[in-house]
Amino acid sequence: MAEGDITILNNLKRQLLLKTIDFVNDVFKMALYDFALTSPDGAPVYTTISEIDPTNYVPGGVVLAGNAVTQDDVNDLAKFDLNDANWNSLGAHPILQARMYDSTTASKWVLAYWEILTGSLGSNYKLRFGAAGVFLIM
Amino acid sequence: MRNLEARRRMIVASLELLRNSDDPLREDAIAHYESQLKEIDIEIRQENSDLAERIEKPFESGIVINLKTGYINISGRKANNG
């Protein structure tokens, strides 16, 4: 694993089939942790355990606006995308994982997480989604 | 920026000395230093402009981490015999 690598949780796939997540209308958030989940198994939910707490970090993380679901018939795929995650002047703290969760559902399931190796240093901190989007269903 | 300002102060001081001197070649030297002063003022304005732009776009000067895109594969997307 390297910085920026994504793990999509099996629960995301399950909840897609159960029609419990609305990728257009639900509010998705990104939270930062100094402890990394290592398995896509089960149904992890948002937790404050090991969530970082430096200056200018609000528990729960930041809202990821700009929900976009699109269909690409040329490449035979569907795409889910969101705006980048930004923190202004995020206090210095080690960061090992960013977890995206659905804050609209009662369970607040974690849907995907990314490995992070670069901690915050007090400057602005941005997690930039890939040009291809948050994830593709191919 | 500090280097530019230090250079500007040196040029201004040289100009003052030249303007008060009786050197017959001073007009050429004054023209040379005045030209340098104009160039350095342009450089200082450019640096100030760059600084203002960086302040307006704070994330350009912060930490940016590129996240990879995830993939969920569903076989048989074209035919039904995947």
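Residues numbered from 1 in each chain as written. Chains lettered and ligands numbered in written order. Predicted model: local features only at pLDDT ≥ 70, side-chain atom pairs only at ≥ 80, totals over all residues. Heavy atoms only, no water.

Draft legend 1. Up close: the pattern of salt bridges. Taken as a whole and assessed by the stated rule, the structure comprises three salt bridges over all chains. Between Lys68(B) and Asp5(A) there is a salt bridge whose closest N-O contact spans 2.7 Å. Pair noted here: Lys68(B) is in the loop between β1 (63-66) and β2 (70-72) and Asp5(A) is in the segment before β1 (6-8), and the two residues belong to different chains. The class of Lys68(B) is partly exposed, set by a relative accessible area of 40%. Among the ionic pairs, Arg19(B) bridges to Glu34(B), the shortest N-O distance being 2.7 Å. Residue Arg19(B) is located in helix α1 (residues 2-19), and its partner Glu34(B) is located in helix α2 (residues 26-56); the two are separated by 15 residues in the primary sequence. Looking at Arg19(B), the relative accessible area reads 44%, which means it is partly exposed. (Salt bridge = Lys/Arg side-chain N within 4 Å of Asp/Glu carboxyl O. Helix = DSSP H or I, 4+ residues; strand = E, 2+ residues; numbered from the N terminus. Buried < 20%, exposed > 50% of the residue type's maximum accessible area, 1.4 Å probe, protein only.)

Draft legend 2. Fine view of the side chain of Glu115(A). Its place among the elements puts Glu115(A) in strand β8 (residues 110-115). Comment: no salt bridge for buried Glu115(A); closest opposite-charge side chain is Lys68(B), at 8.4 Å. With sequence-adjacent residues up to four places away left out, Glu115(A) is seen in contact with Met1(A), Ala2(A), Glu3(A), Gly4(A), Asp5(A) and Leu96(A). (Lys, Arg positive; Asp, Glu negative; His and termini not counted. Contact = heavy atoms within 4.5 Å.)

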